[in-house]
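Examination of the molecular architecture
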Amino acid sequence: MRRWLLLFVLGVLALAVSPVYAIPAEFTAWLYTPDTGSMTLVDLSGERDTFELPVSPPYTIRPLSNVSVSPNGRLIAYMLAEPDSTNQQLMIYDYNTRTVIAQYPVSSVAYNSIDFNPRFAFSPDSRRIALGYSIDPAGWELVVIDLDTFSITGSLSSGDPAFAGVPATYGVTPTVTYFRSPTELAIALVLGGTDADEPAGSYLWDLVTASVTPHLGYASATDVFAPTGEAVMALPDDRFPMMPDRFMFGQFNTIQIYDSARGERWPVFQRSDWTIYGPKFVFNAQLVAFVAYDGTSERVYLLNRDGAIAGALPPEVNAYEIAGVPDGFIYAKPDGGVPGLYSINLRAGDSDGSRVWSGVPNTYPRIVWVGSFGTDSFMYLEPPYANWPVLADPVVDASATSPTEPGGLTLRVGERAIIRTTEGDLLRIRSGPGTNFVVVRSVPPGTTVELIGGPTSSGGFNWWNIRLDDGTTGWTVDFADGEETLVPIGAEGAPPTAAPTATPGADPSVPTQLRVGDNALVTTGAYVCAACRAWVARSCARWRAIPTCVSSAGQPRSTTTCGGSSKCLTARRAGRRRSSAPNAC
C-alpha cells in the first residue's frame, strides 16, 4: 500500500480524545452503480450484498442518475425515466422487506433534486422524503411524502407568493440541502445544467406553519455534522483574492462553516489559486476532507479545525468519492479501470489505505450512504472540539433568533419552560444533546424546568440544557413528532394557550395541498380497516382508486373509485392492520 498522508500532521491524532460513549471501529456503506442500477452493501469485511433496483415498466433506470438512502440505511429512493418522454417516477424501496413500498410519477421533468443532493432527501427519522423537480419548459415543484401514511404533507411551487420575483426559468430545481427536523427543511433553488453549486436562493421551510424564510446556512453542496449543528460548504467570497478566469465554471475560493446555534456563517479557509469542491466532515468532524482543482489537476486534502492543511492524498490516487466515518474516512477510486473502496483509520494511527472492496471494471460506483443499520445517527459528539478560525466577518442569518412561540414568547436561557406532550407521554431527558446520549430521567407533561443552555442542533432536533426543580440537569428537545415539547412560561407563570387536541374519531389524515383533479392510487397488503378506507375517501378529491377492504371474517368489501388522471401516488401497506378502529374490517 502507498503511504498517502504526505502532509499529515501527527498532532491531528491528539484530537481523538476519550469519547462520551463507545465509537464503533466499523462501518457499513451503500454503493450505487448508475451504469447498471445496482446497489452494493459493503463493510470492512468486503461485500455483504448486491442487487439491481427494481423497475416499473414502462419506466427504466436513468443513466447517470443518483439515489438517496434513508438515515437508518433501510429505504432507497431513486428516479426512473419513461423512454422517449420527460416523465419520471420516484420509487421507494424497502431493503428489509425487499419490496417497493411507494411510487410517485411526475410529468415534464427537466431535473430532480435527488440527482443534485441525494443525502438529505429523507427526514432524520427516515419517515418522510422530499422530492423537488423542475418542470419543462419552466417552473418547479417540491413535495414532502409521509411514508407512514403515504400522504403528501406539504408542497411548494414556483407560483407560491413566497417566491414572487424569483425567476422560475428552465432548470431551476428546489433541492433539500438539510432536513433540520422532521418538519423543517432547508432548501436551495439550484440551476440544472451547470456545475455551479451556489444556489439561486436558499430558504427554510416549516411544514407546520407553512412559512418560507430566506436563509444562508445550507448551500446545495453542504455537509452537516448534526451533533454540533455545524455545516460546511465551499463558496465564492470576493473578500479574498480570486482567479475566476482560470476556471471554466467559476471559482469557489473558500471553505465556510455555518453554526446553526449562532445563525452565523464565516470562512475558515481560502486559496486564491484553487477552486474547491465537496467539503465533508470526516473523523467525527475533527477534520474536513475536500477536493481542490488548480486548473490542471485535482487532489484531496484534509483541513484541521485550526484552518491548516493536515494531510493530502497523492495526486495520482484520483479519488472520485469521499465519505466520513467515525475513525477517519473512506474513498473510491478507479484503480486502472477496476473501482475500489478504501478505508483510512486515523484513530488507529493508520497512514496507509486498506482496500476493502473491488467493483465491476469500467464502472464508477458512488458512496451514497455510510452508517450503522437501524440507527439514524452515525457520527458522534467528541467534545471538546477546537474553535474554527474566523477569516472574515461572519454573515448573520436573518432567522438566527429563536422562533417565536405561540403567545409571542420565546425560549431563552435563564428563563423557565413547561414540558408538554400528547396522551400523557413522558419526555426523555438525556445526558447530552443527542439521541445517542443516555436517558437520565423521563418527566411527565406539566413539569416546569429552567433553561440553562442551548439551543444545540443535533440529529435534526434543537436541544436545550435544562434543570429540574430537584437539581437534575440534562438535555431535551423543544419539538418532536410535530408537537412543541418545551413551551416558554410567561411572566405570570402560565404557558401560552396550547393548540387544541384532536377529537377522537376525527380525520387522521394530514391536510395536503393536492389539487382537485389530481390523482393518487393507494394499494395495500392483505388487510386494511374501515378507518383507513374512510381516511382515503375523505382525502379523495383526487384519489382514483381505493383498494378492496377485507373484513375480519375474510369477506371483501366494496372498492370506491374517484375521478382524476394526472398524478398518481402509489403506496403499499403490507400487512398493516388497525383493528381498534370502529367497525374495523
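Above this text you will find the structure in question.
Before going further, it helps to spend a moment on the nonpolar core. Ranked by internal contacts, the top residues of the largest apolar core, which has 38 residues, are Phe290, Ile330, Leu341 and Val370. Counting 29 residues, the second-largest nonpolar core is a separate cluster that includes Trp140, Tyr178, Trp205 and Leu207.

All right, on to the pattern of salt bridges then. Counting across every chain of the model gives 20 salt bridges. Between Asp115 and Arg62 there is a salt bridge, with its nearest N and O atoms 2.6 Å apart. Of this pair, Asp115 sits in helix H1 (residues 113–116) while Arg62 sits in the loop between strand S4 (60–61) and strand S5 (67–69); the two residues are 53 residues apart in sequence, bridging distant segments of the chain. Classification of Asp115 as partly exposed rests on a relative accessible area of 24%. When its relative accessible area of 12% is taken as the criterion, Arg62 is described as buried. As a salt-bridge pair, Asp237 and Arg239 come within 2.9 Å of each other at their nearest N and O atoms. A relative accessible area of 6% means that Asp237 is categorised as buried. The structure contains a network of salt bridges with shared partners spanning Asp327, Arg347 and Glu382.

This part takes up the sheet that holds strand S28 (residues 354–358). Strand order across the open sheet formed by 4 strands is S25-S26-S27-S28, with antiparallel pairing between neighbours. Each edge of the open sheet is held by one strand with a lone partner, namely strand S25 (321–325) and S28. Across the sheet, the mean angle separating the axes of adjacent strands is 20° when strand polarity is ignored. Of the strand pairs in this sheet, S25 and strand S26 (residues 328–333) are connected by 5 bridges, and their pairing is antiparallel.

Okay, the sheet that holds strand S2 (residues 38–43) next. Strand pairing in a sheet relies on backbone hydrogen bonds. The paired strands run either parallel or antiparallel. Here 4 strands make up an open sheet; going across it, the order is S3-S2-S1-S29 and the pairing antiparallel. Either end of the sheet is taken by a strand with one partner, and the two such strands are strand S3 (46–52) and strand S29 (366–371). Geometrically, the sheet is characterised by an average inter-axis angle of 20° between neighbouring strands, direction not taken into account. As judged from the 6 bridges shared by S2 and S3, these two strands associate in the antiparallel manner. By the bridge assignment for S3, Ser38 is matched with Glu52.

Within the secondary structure layout, Glu184 lies in strand S14 (residues 184–191). Assessed through its relative accessible area of 19%, Glu184 is described here as buried.

What follows is about the packing of aromatic side chains. In this structure the tally under the stated criterion is 22 aromatic pairs. With a centroid separation of 5.1 Å and 75° between ring planes, the pair formed by Phe163 and Tyr203 is classed as edge-to-face. Placement of Phe163 in the loop between strand S12 (151–157) and strand S13 (172–181) and of Tyr203 in strand S15 (residues 202–206) is noted, with a sequence separation of 40 residues between them. Given the relative accessible area of 2%, Phe163 is considered buried. Plain terms: the ring middles of Phe329 and Tyr331 are 6.2 Å apart, the flat faces sit at 40° to each other, and that makes the pair tilted. Judged by relative accessible area, Phe329 falls into the buried class, the value being 1%. Arg271 extends its terminal NZ or CZ atom over the ring of Trp274, reaching a point 3.8 Å from the ring centre.

Thresholds, definitions, all that
Residues numbered from 1 in each chain as written. Predicted model: local features only at pLDDT ≥ 70, side-chain atom pairs only at ≥ 80, totals over all residues. Heavy atoms only, no water. Core = buried A, V, L, I, M, F, W, Y, C linked by side-chain atoms within 4.5 Å. Buried < 20%, exposed > 50% of the residue type's maximum accessible area, 1.4 Å probe, protein only. Salt bridge = Lys/Arg side-chain N within 4 Å of Asp/Glu carboxyl O. Helix = DSSP H or I, 4+ residues; strand = E, 2+ residues; numbered from the N terminus. Pairing = 2+ DSSP bridges. Axes fitted to C-alpha atoms, helices over the stretch in contact; angles between N-to-C directions. Phe/Tyr/Trp six-rings, centres within 6.5 Å; stacked < 30°, edge-to-face > 60°. Lys NZ or Arg CZ within 6 Å of the ring centre and 35° of its normal.

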